[in-house]
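Here are the chains, one letter per residue:
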Amino acid sequence: MKKVTGIGGVFFKCDDPKGMNDWYVKNLGLPVGQYGTTFEWRHDDDPSKTGSTSWCTFAKDTKYFDPSAKPFMINYRVENLVALVEELKKENVTIVDEIADYDYGKFIHVLDPEGNIIELWEPKDE
């Protein structure tokens, strides 16, 4: 079973999200909006299929990364989230929440051995 297919996003906490966004716009040209930046791309093996990777700042007191105390979260794109979660449970991986289903994909959060929060995302475009 194919598991991770790519990076879905990089998210990090900071003291001043707006100031950080402004810095990245000014100095690196990121087109930052309300939800950060979305980089759109095409699949290497099938250029007719598109995908995206997100970059976003969060306030340092966000609860979105809980229970991790780390200042960042990586989102990994996956192919079959339900089957992957079953495998992770068998390996006693800490599952933080239940699978959430949105119009743009399914999500779940897990912890790695050092307490880093990981967001797994099965996008609808896969």
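Model, not experiment: these values are computed from the prediction. (Residues numbered from 1 in each chain as written. Predicted model: local features only at pLDDT ≥ 70, side-chain atom pairs only at ≥ 80, totals over all residues. Heavy atoms only, no water.)

## Examining the overall build of the chain
1) Next: Within the chain one finds 2 helices and 8 strands.
2) Next: N-terminal to C-terminal, the α/β element order of the chain is β-α-β-β-β-α-β-β-β-β.
3) Next: On C-alpha atoms alone, the chain measures out to a radius of gyration of 15 Å, which is about the 14 Å that the 2.2 N^0.38 rule sets for 126 residues.
4) Next: Counting only C-alpha atoms and orienting by the principal axes, one finds that the chain spans roughly 45 × 40 × 25 Å.
5) Next: In the structure as shown, the chain presents an accessible area of about 7900 Å², 52% of it carried by carbon and sulfur atoms.
6) Next: Across the chain, 15 positive and 23 negative side-chain charges occur, with their mean positions spaced 2 Å apart. (Helix = DSSP H or I, 4+ residues; strand = E, 2+ residues; numbered from the N terminus. Rg over C-alpha atoms; globule rule 2.2 N^0.38 Å. Areas by Shrake-Rupley, 256 points an atom, 1.4 Å probe, with all protein chains shown as cover. Lys, Arg positive; Asp, Glu negative; His and termini not counted. Charge placed at Lys NZ, Arg CZ, Asp CG, Glu CD.)

## Digging into the pattern of salt bridges
1) Next: Across all of its chains, the model carries 5 salt bridges by this definition.
2) Next: Here lysine 18 ties to aspartate 22 by a salt bridge, and the two come within 2.8 Å at their closest N and O atoms. Within this pair, lysine 18 and its partner aspartate 22 are both found in helix α1 (residues 17-28), separated by 4 residues, close to a single helical turn.
3) Next: Owing to a relative accessible area of 40%, aspartate 22 belongs among the partly exposed residues under this scheme. (Salt bridge = Lys/Arg side-chain N within 4 Å of Asp/Glu carboxyl O. Buried < 20%, exposed > 50% of the residue type's maximum accessible area, 1.4 Å probe, protein only.)

## Quick look at the packing of aromatic side chains
1) Next: For the coordinates displayed, the defined rule picks out 12 aromatic pairs.
2) Next: Ring centres 5.7 Å apart and planes at 70° place the aromatic pair tyrosine 104 and phenylalanine 107 in the edge-to-face group.
3) Next: Given a relative accessible area of 13%, phenylalanine 107 falls into the buried group.
4) Next: Through successive ring pairs, a cluster of aromatic residues spans Phe11, Phe58, Tyr64 and Phe65. (Phe/Tyr/Trp six-rings, centres within 6.5 Å; stacked < 30°, edge-to-face > 60°.)

## Some points on α1
1) Next: Look at α1: 16 Å from first C-alpha to last across 12 residues, which is about the 16 Å you get at 1.5 Å a residue.
2) Next: Positive backbone phi, approximately 75°, marks glycine 29, located one or two places after α1. (Expected span 1.5 Å × (residues − 1).)

## Notes on the nonpolar core
1) Next: Residues Val78, Leu81, Leu84, Val85, Leu88, Ile108, Val110, Ile118 and Leu120 constitute the largest nonpolar core, which totals 9 residues.
2) Next: Counting only elements with at least two residues in this core, the list comes to α2 (81-90), β7 (105-111) and β8 (117-123).
3) Next: Broken down by element, the residue count for this core peaks at 4 residues, all from α2.
4) Next: Membership of the second largest hydrophobic core comes to 6 residues, among which are Phe11, Phe65, Met73 and Ile117. (Core = buried A, V, L, I, M, F, W, Y, C linked by side-chain atoms within 4.5 Å.)

## Side note on the environment of lysine 106
1) Next: Looking at the secondary structure, you find lysine 106 in strand β7.
2) Next: Judged by its relative accessible area of 23%, lysine 106 falls in the partly exposed class.
3) Next: In the structure, lysine 106 is positioned 24 residues away from valine 82 in sequence and 9.0 Å away in space, judged by C-alpha atoms.
4) Next: For lysine 106, the residues in contact, after removing those within four places along its chain, are Leu81, Val82, Ile99, Ala100, Asp101, Leu120, Trp121 and Glu122. (Contact = heavy atoms within 4.5 Å.)

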